[in-house]
Amino acid sequence: WDGNAPALRGLVETIQLYAASAMKSGDLDLAFSLVNRDNFPECSGLKGQISEAIDRRDQQKRRNRMLRLGVAAISVAVLAIAVVAAVWINAEKNKAVAAEKVAVAKKQEADEQRAIAVAAKTEVEKQRDEVIAAKKVAEEKRAEAETALKAEKEAREREAQERVMRVVGGEE
């Protein structure tokens, strides 16, 4: 009852001790519910401390939530960048592999063309050697023919001289 002052003081002291203990253990809601009574103005100082602690706790929760959201956003961004980079790197690798295949094919084609050119050069040199040999044979044949013509001409001239000599010498 209201007339029992020592009991009332004991009640207020018990509430304050219980609220302080709840505040120390981190149960701010319990502590605030104990001191948030209009009929105990003696608890207003403790009530202010608990309110400040609740505000700090709520601010910390908001900061933690924002931090978690920030970390989540950064994680998503890093993951997205990693995926895009992986796709891009794979595409570049595929381009490089395709370019390498084209280069290998071009090299093979160039090697084949080089082999064809070497074979053609060898054939041309062979034909040139044959032409040179044929030209040499033709020159030898011409020289032989000229020698034979010259010998024949000389033989005719001798024969003609012999006839002239026989005619002049009266043999005919």
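Keep in mind it's a predicted model, so treat the numbers as computed, not measured.

A.B. asks: Is there a simple way to explain the environment of isoleucine 15 in this structure?
C.D. replies: Here isoleucine 15 is to be found in helix H1 (residues 5–24). With a relative accessible area of 7%, isoleucine 15 lands in the buried category. When the C-alpha positions of isoleucine 15 and valine 35 are compared, they lie 7.0 Å apart, and in sequence the two are 20 residues distant.

A.B. asks: Looking at this model, I keep getting lost on a positive patch on the surface. Mind explaining?
C.D. replies: Taken together, the side chains of Arg62, Arg63, Arg65 and Arg68 make up a positively charged region of the molecular surface. Turning to its location among the elements, arginine 63 is positioned in helix H3 (residues 44–168).

A.B. asks: Looking at this structure, how should I read the packing of H1 against H3?
C.D. replies: What describes two packed helices is the angle between their axes and the distance between those same axes. For the pair H1 and H3, interaxial distance at closest approach is 11 Å and the crossing angle is 15 degrees. With respect to H3, the element H1 is oriented roughly parallel. Viewed along their axes, H1 and H3 form a crossing whose handedness is left-handed. The segment H1 lies against H3, with Gln16, Ala19, Ala20 and Met23 engaging Leu46, Gln49 and Ile50.

A.B. asks: Help me understand H3, please; the structure alone is not making it clear to me.
C.D. replies: One turn of the α-helix equals 3.6 residues, which is why residues spaced by three or four share an orientation. Taking 1.5 Å per residue as the helical rise, H3 with its 125 residues ought to reach 186 Å, and the 179 Å between its terminal C-alpha atoms agrees with that figure. Taken as a whole, H3 has its buried residues at Leu46, Ile50, Ala53 and Ile54.

A.B. asks: How should helix H2 (residues 28–35) be read in this particular structure?
C.D. replies: Taken as a whole, H2 has its buried residues at Leu28, Ala31, Leu34 and Val35. Looking straight down H2, one finds that the buried residues subtend no more than 125 degrees of arc, so they occupy a single side.

Conventions we followed
Residues numbered from 1 in each chain as written. Predicted model: local features only at pLDDT ≥ 70, side-chain atom pairs only at ≥ 80, totals over all residues. Heavy atoms only, no water. Helix = DSSP H or I, 4+ residues; strand = E, 2+ residues; numbered from the N terminus. Buried < 20%, exposed > 50% of the residue type's maximum accessible area, 1.4 Å probe, protein only. Patch = residues over 30% accessible without salt bridge, like charges linked within 9 Å, V, L, I, M, F, W, Y side chains within 5 Å. Areas by Shrake-Rupley, 256 points an atom, 1.4 Å probe, with all protein chains shown as cover. Salt bridge = Lys/Arg side-chain N within 4 Å of Asp/Glu carboxyl O. Lys, Arg positive; Asp, Glu negative; His and termini not counted. Charge placed at Lys NZ, Arg CZ, Asp CG, Glu CD. Axes fitted to C-alpha atoms, helices over the stretch in contact; angles between N-to-C directions. Parallel < 35°, antiparallel > 145°, perpendicular 65-115°, else oblique. Left-handed = near helix turned anticlockwise from the far one by under 90°. Contact = heavy atoms within 4.5 Å. Expected span 1.5 Å × (residues − 1). Arc of directions from axis to C-beta.

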